[in-house]
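Here is how the chains run, residue by residue.
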Amino acid sequence: MKAKYTLPRGTYDILPQESWKWKIIKTAFQKTASLFSYQEIVTPIFEQAALFERSVGDTSDIIQKEMYKFEDKKGRQFALRPEGTASVVRSVVEHNLLQQEQQQKLYYMGPMFRYDRPQKGRYRQFYQYGIELLGSNHPYYDAEVVAFADLFLRKLGLRNFQLEINSIGCNNCSQDFDKALIEYFLPHEKLLCQDCRLRLNKNPKRILDCKVPSCKKIAQEAPSMLDYLDSECATHFKKVQEYLNTLEIPYIVNPKIVRGLDYYTQTAFEFTDSNLGAQSTLIGGGRYNKLVSELGGKDVAGIGFAGGFERLLLSLESEKLLSREAYDLDIFVVIAGENLELHAIELIHFLRKNSFSTDFAFEKKSVRAQMKAADKSNAKYVLLLGEEELKEDKIVVRKLQSGVQTTLAKNNLISFLRNDESR
Ligand code: AMP
């Protein structure tokens, strides 16, 4: 049957047969967050459009071409969030969180929206996980944020990823660097893509990040930001590298990493998986020391990263690192006879109250059909309830995979299951 309504382009459903994969990522991310002492923050999916225009920057691709912007019934301009950092910082400033604690370590997960050409690893609605550390400019935290991302990927089993880091300096260093870039690119202007020609005047650093092959080729010989860092930024970057060495986190310095958003200063980094093809960045992040004050808060530094669930899944799948838990359910109850229905209902609720996940095929009458449903459920045990057993207050417990079964007094059921679980 042909569906009457279909998914918007660039979006997808996470179907039940796939959702367990998402759960693995979510759980690993939450576990890593607690290891590093980060708290969850949840912000709305839409915000005032100006929040993103101001922070992400109006020369960025996100603002120029990709933002889902709309007017509400009262003529106010809103946007579906294209990324998480601006919203988190808005929330921290709005609720004065930095007044209460000098430092905030926050994590988030949720959908983001960008109107881009969909392709493998790139969607219009995609899911990001991310962290933000607000309130310190200490280079140790740059390394710690990188270490968080590194440990998260490793806990999932990934090894074949690369970490590239750079420093894009501060406004002070940028002035001379931008001049040098303009001088370098101007003679090649005609060969640059249309976007880069605009970037040349407004934000020449972005040309370094352009993925168009002709621009990439020209950018190969461009000046390096690392030669233009002032002493403060150079020392900061050196310290970050020292801490990364201490943490034994492998990296390479890549002066071409500039990140696409306006708010970045100093450290910028990317975790990439070259097996992913064109969309190879798993995680991108960096320091943003001016963003909090730009959004009306105190002059406070920040650093963070964000990664996409979709690309991470592609990486994990290609390395065969995703495996489903052995069982989806603890117990499936099967009854021999319709008159046992009420006993089954009672038993199921009793088991659930005792924290055993339990299911029952209410509308399947024959034992055969119920057993089929039990097989499909991928439960660890089947509890068989028959007239004979009931009379004696007994129950049959069968291990679904091996078929081994025992008959137990009902009173001993919970202790049997608990002991069997821990074995
Ligand atoms: P960004 O916010 O652009 O720095 O992106 C951070 C990470 O989010 C990327 O490394 C990707 O893993 C993911 N990401 C960004 N845009 C998309 C998209 N359109 N579709 C899927 N994942 C994305």
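So, here's what we can say about the structure. For clarity, every value in this text was computed on a predicted model and none was experimentally measured.

1. Focus: unusual backbone geometry
Part 1 of the reasoning: Its identity as a non-glycine residue notwithstanding, Ser-37 has a phi of 65°, on the positive side.
Part 2 of the reasoning: Inspection of the secondary structure puts Ser-37 in the loop between helix 1 (16-35) and strand 1 (39-40).
Part 3 of the reasoning: Here Lys-320, not a glycine, exhibits a phi torsion of approximately 55°, which is positive.
Part 4 of the reasoning: Considering the arrangement of structural elements, one finds Lys-320 in the loop between helix 12 (309-318) and strand 12 (329-335).
Part 5 of the reasoning: Given the relative accessible area of 73%, Lys-320 is considered exposed.

2. As for the environment of Gln-194
Part 1 of the reasoning: Its location among the elements puts Gln-194 in helix 8 (residues 194-202).
Part 2 of the reasoning: What makes Gln-194 exposed here is its relative accessible area of 64%.
Part 3 of the reasoning: In sequence terms Gln-194 and Lys-65 are 129 residues apart; their C-alpha atoms lie 13 Å from each other.

3. Comments concerning the sheet that holds strand 13 (residues 358-360)
Part 1 of the reasoning: The strand order 13-12-14-15-16 describes an open sheet built from five strands, whose pairing is mixed. Only two strands of the sheet have a single neighbouring strand rather than two, namely strand 13 and strand 16 (405-409). Recorded for the sheet is a direction-independent mean angle of 30° between the axes of neighbouring strands.
Part 2 of the reasoning: For strand 15 (residues 394-399) and strand 16, the ladder comprises five bridges, and the chain directions are antiparallel. Across the sheet, the residue bridging to Arg-398 is Gln-405, located in strand 16.

4. What about the packing of helix 2 (residues 49-56) against helix 4 (residues 85-94)?
Part 1 of the reasoning: Axis separation between helix 2 and helix 4 bottoms out at 10 Å; the angle between their running directions is 110°. Taken as axis vectors, helix 2 and helix 4 run roughly perpendicular relative to one another. The residues of helix 4 that touch helix 2, namely those facing Leu-51, Phe-52 and Ser-55, are Ala-86, Ser-87 and Arg-90.

5. A look at helix 13 (residues 341-353)
Part 1 of the reasoning: The end-to-end C-alpha separation of helix 13 is 18 Å, in line with the 18 Å expected for 13 residues at 1.5 Å each.
Part 2 of the reasoning: One or two positions beyond helix 13, positive phi appears at Ser-355, with a value near 70°.

6. A look at the sheet that holds strand 1
Part 1 of the reasoning: Taken in spatial order, the eight strands make up an open sheet running 1-5-6-11-10-9-7-8, and their pairing is mixed. Taken across any chain shown, the strands that pair with only one partner, and hence form the sheet edges, are strand 1 and strand 8 (252-253).
Part 2 of the reasoning: Here strand 1 pairs with strand 5 (residues 104-113) via two bridges, running parallel. Each bridged residue has a counterpart across the sheet, and for Glu-40 the counterpart in strand 5 is Tyr-107.
Part 3 of the reasoning: Contacts from helix 1 reach strand 5, strand 6 (125-134) and strand 11 (302-308) within the one sheet, and its direction differs from that of strand 5 by about 160°.

7. A short note on the side chain of Asp-72
Part 1 of the reasoning: Among the secondary structure elements, Asp-72 is positioned in the loop between strand 3 (69-71) and strand 4 (77-80).
Part 2 of the reasoning: Reaching out from Asp-72, the side chain makes a polar contact with the backbone nitrogen of Lys-74 at a distance of 2.9 Å.

8. Section: a nonpolar patch on the surface
Part 1 of the reasoning: A cluster of nonpolar side chains, Leu-342, Ile-345 and Phe-362, forms an exposed patch at the surface whose accessible area comes to about 300 Å².
Part 2 of the reasoning: Topologically, Ile-345 is positioned in helix 13.
Part 3 of the reasoning: The class for Ile-345 is partly exposed, based on a relative accessible area of 38%.

9. A few points about the side chain of Arg-311
Part 1 of the reasoning: With respect to the helices, strands and loops of the structure, Arg-311 is situated in helix 12.
Part 2 of the reasoning: One buried charged residue, Arg-311, remains without a salt bridge, the closest side chain of opposite sign being Glu-310 at 6.5 Å.
Part 3 of the reasoning: For Arg-311, the side chain forms a polar contact with the side chain of Gln-279, separated by 3.2 Å.
Part 4 of the reasoning: In this view, Arg-311 contacts Gly-121, Leu-276, Gln-279, Thr-281 and Leu-282; residues no more than four positions away in its chain are not counted.

10. A closer look at the environment of Ala-344
Part 1 of the reasoning: Relative to the helices and strands, Ala-344 resides in helix 13.
Part 2 of the reasoning: Counting along the chain gives 64 residues from Ala-344 to Leu-408, while the straight-line C-alpha distance between them is 16 Å.
Part 3 of the reasoning: Those residues in contact with Ala-344 that sit more than four places away from it in its chain are Val-333, Ile-335, Phe-360 and Leu-385.

11. Some points on the packing of aromatic side chains
Part 1 of the reasoning: The final tally for this structure, using the stated rule, is 27 aromatic pairs.
Part 2 of the reasoning: Note on Tyr-129 and Phe-152: the rings are 5.0 Å apart at their centroids and 65° apart in plane angle, and the pair reads as edge-to-face. Of this pair, Tyr-129 sits in strand 6 while Phe-152 sits in helix 6 (residues 139-155), and the two are 23 residues apart along the sequence. An identical accessibility class is assigned to Tyr-129 and Phe-152; each is buried.

12. Topic: the pairing of strand 12
Part 1 of the reasoning: Judged by how many residues are buried, strand 12 sits mostly within the fold: seven of seven residues are covered.
Part 2 of the reasoning: Here strand 12 pairs with strand 14 (residues 379-385) via six bridges, running parallel. If you follow Val-334 over to strand 14, its bridge partner there is Leu-384.
Part 3 of the reasoning: Strand direction decides the pairing type here: strand 12 and strand 13, joined by three bridges, are parallel. The residue bridging Phe-332 from the neighbouring strand is Asp-359, located in strand 13.
Part 4 of the reasoning: As for the winding sense of the linkage, the β-α-β connection from strand 12 through helix 13 to strand 13 is right-handed.

13. Some thoughts on the site of the ligand
Part 1 of the reasoning: In the region of the ligand, 15 residues are neighbours, and Arg-114, Tyr-123, Gln-128, Arg-259 and Thr-281 sit closest.
Part 2 of the reasoning: Thr-281 is positioned with one of its backbone polar atoms (N or O) 2.9 Å from an oxygen atom of the ligand.
Part 3 of the reasoning: Computed on the free molecule, the ligand has an accessible area of 480 Å², of which 90% lies beneath the protein chains in the complex.
Part 4 of the reasoning: Within the residue set of the shell around the ligand, elements represented by two or more residues are strand 6, strand 10 (281-287), strand 11 and helix 12.

Cut-offs and rules
- Residues numbered from 1 in each chain as written.
- Predicted model: local features only at pLDDT ≥ 70, side-chain atom pairs only at ≥ 80, totals over all residues.
- Heavy atoms only, no water.
- Helix = DSSP H or I, 4+ residues; strand = E, 2+ residues; numbered from the N terminus.
- Buried < 20%, exposed > 50% of the residue type's maximum accessible area, 1.4 Å probe, protein only.
- Pairing = 2+ DSSP bridges.
- Axes fitted to C-alpha atoms, helices over the stretch in contact; angles between N-to-C directions.
- Parallel < 35°, antiparallel > 145°, perpendicular 65-115°, else oblique.
- Contact = heavy atoms within 4.5 Å.
- Expected span 1.5 Å × (residues − 1).
- Polar contact = N/O pair within 3.5 Å; in protein donor to acceptor, adjacent residues only side chain to side chain.
- Patch = residues over 30% accessible without salt bridge, like charges linked within 9 Å, V, L, I, M, F, W, Y side chains within 5 Å.
- Areas by Shrake-Rupley, 256 points an atom, 1.4 Å probe, with all protein chains shown as cover.
- Salt bridge = Lys/Arg side-chain N within 4 Å of Asp/Glu carboxyl O.
- Lys, Arg positive; Asp, Glu negative; His and termini not counted.
- Phe/Tyr/Trp six-rings, centres within 6.5 Å; stacked < 30°, edge-to-face > 60°.
- Right-handed = clockwise from strand over helix to strand, strands pointing away.
- Near = heavy atom within 4 Å.

Keep in mind these numbers describe shape, not what the thing actually does.
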